[in-house]
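Residue-level structure breakdown
Here are the chains, one letter per residue:
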Amino acid sequence: MIVYLKRYILPFCKLDKFAKVQKQFVRYDSLQSSPKILEHLKCKSLLRVRGNEASSFLQGLITNDMKHFEEGAANIYALFLNIKGRVMYDVIIYRSEEDNVYYIECDSQAVGLLQKHLKMYRVRRKIDIDNLGDTVNVWVFFDPQSINNKHIDDIMIYEDPRLSDLGIRILAESNVKKDQITKHLNFDILDSTDNITYKAFRYKLGIPEGIEDLPPGKPLPLEVNCDYMHGVSFHKGCYIGQELTARTYHTGVVRKRLMPLLFDKVPNKSFSYDDKIINESGTAVGKFRGIEKVYGLGLMRIVESLNAQSLSLLNVKLKVSKPSWWPQESQIESASASKKE
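Conventions adopted
All residue numbers refer to position in the chain's written sequence, counted from 1. Two thresholds apply to this predicted model, a pLDDT of at least 70 for residue-level local features and 80 or more for giving and counting side-chain atom pairs, whereas whole-chain, interface and lining totals are computed over all residues. The side-chain quantities take in all heavy atoms of the structure and omit both hydrogens and water. Each Phe, Tyr or Trp ring (for Trp, its six-membered ring) is paired with any other whose centre lies within 6.5 Å, and the angle between the two planes then decides the class: stacked below 30 degrees, edge-to-face above 60, tilted in between. Numbering of helices and strands starts at the N terminus; helices are DSSP runs of H or I of at least 4 residues and strands are runs of E of at least 2. Only protein chains enter the calculation, and the probe is 1.4 Å; a residue is then buried if its accessible area is under 20% of its type maximum, exposed if over 50%, and partly exposed in between. Charge over a ring is defined by NZ of Lys or CZ of Arg lying within 6 Å of the ring centre and within 35 degrees of the ring normal. In these notes, a set of buried Ala, Val, Leu, Ile, Met, Phe, Trp, Tyr and Cys residues joined through side-chain atoms within 4.5 Å is what counts as a nonpolar core. Residue ranges assigned to each domain were obtained from an automatic or database domain assignment. Contacts are assigned to residue pairs that have any heavy atoms within 4.5 Å of one another.

Per an unreviewed UniProt entry, the protein goes by the name Putative transferase CAF17, mitochondrial and belongs to Habropoda laboriosa.

Side note on the packing of aromatic side chains
Going through the model one piece at a time under the given rule, you end up with eight aromatic pairs. Relative to Tyr-102, the ring of Phe-69 lies with its centre 5.3 Å away and its plane at 50°, an arrangement referred to as tilted. Separated by 33 residues along the polypeptide, Phe-69 in helix 2 (residues 67-70) and Tyr-102 in strand 8 (residues 101-107) bring together distant segments of the chain. We note that Phe-69, like Tyr-102, is buried. The interplanar angle of 10° and the centroid separation of 3.6 Å between the aromatic rings of Phe-234 and Tyr-249 together place this pair among those described as stacked. A residue pair is termed long-range when its members are at least 10 positions apart, and Phe-234 in the loop between helix 6 (210-213) and helix 7 (242-251) and Tyr-249 in helix 7 qualify at 15 residues. Taking relative accessible area as the criterion, Tyr-249 reaches 42% and is therefore assigned partly exposed. Each residue in the set Phe-142, Tyr-198 and Phe-201 is aromatic and connected to the rest through ring pairs, giving one cluster. The ring of Tyr-228 is capped by Arg-257, whose NZ or CZ atom sits 3.8 Å from the centre of that ring.

Some words on the nonpolar core
Ranked by internal contacts, the top residues of the largest apolar core, which has 60 residues, are Met-300, Leu-311 and Trp-325. The biggest single contributor to this core is helix 5 (residues 198-205), with five residues. Among the domains, domain 1 (37-203) and domain 2 (255-325) are the pair contributing at least three residues each to this core. Those residues in contact with Leu-311 that sit more than four places away from it in its chain are Ile-277, Ile-278, Asn-279, Val-285, Met-300, Ser-305, Val-316, Lys-317, Leu-318 and Val-320. Counting residues in hydrophobic clusters, the runner-up holds 27 residues, among them Ile-62, Ile-76, Val-91 and Val-111.

Below you can see the structure in the form of structure tokens.
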């Protein structure tokens, strides 16, 4: 019924193009944790890429390294870039138990465009690229109480490849209902509509996702923290859009990055993508990207925004913070940028 997988361990269930899934035993930690949220990600869809050349084909198109699968990874986070090095689509790629078969999770609004993008570069390779449509649903299971909660070790699932705080992904046939999934999870389940939604939870962490946060052809990979989320390899061979990304990483300092925003209360006005976020002197130090309840996302000049005495967006006060999951070297990077300016 339910597809349970783990990031670094091959799944014990047999997948037959998601049409048939054999039952399996799932072992859980015996200790109960705080209530968690199980949410159906209706904004997500899956593509299936299969064929003997599927891995090498994707290797030349994504920012990450498909060789991670050979080393035991079951899923990876990656971006598809255009020839100018701008982000087109953000994805999570899952390896199937079937040889030379991969599933690509992407924004439902972009699934057709991504499929077209892949077919354009397929050329004469014997690769099938199928949209699984409504046959498989993507679910997320996360802890709304603490963004620093440790991931569960004793459960056969896919953990999110970007950040353990983001919880786990569950892939299930579309006829599997929420209560059927819930009974397989050894936790008290909360309702996301009455608590925090996954989108708000992402923004609280400072995580972008989908074309709403990453409009195709606009963002730069390092500015959206692709490097911090294990989504780019600087050691693999060439791929589309590599040059600018590699040059920025090796020779430049990333002065702007997506960062979480926090409002005192839910704003009573709407904001638009790229609206300016200003400091106390009226200087623009960032640009608005998205909001859910009191949590937002902004492309911020790191040093200036963190040093600002106050920040506002269309006269609405807000705060910005440096995510705790950013690597230690980001502090050195920020200090270096401060000295140069």
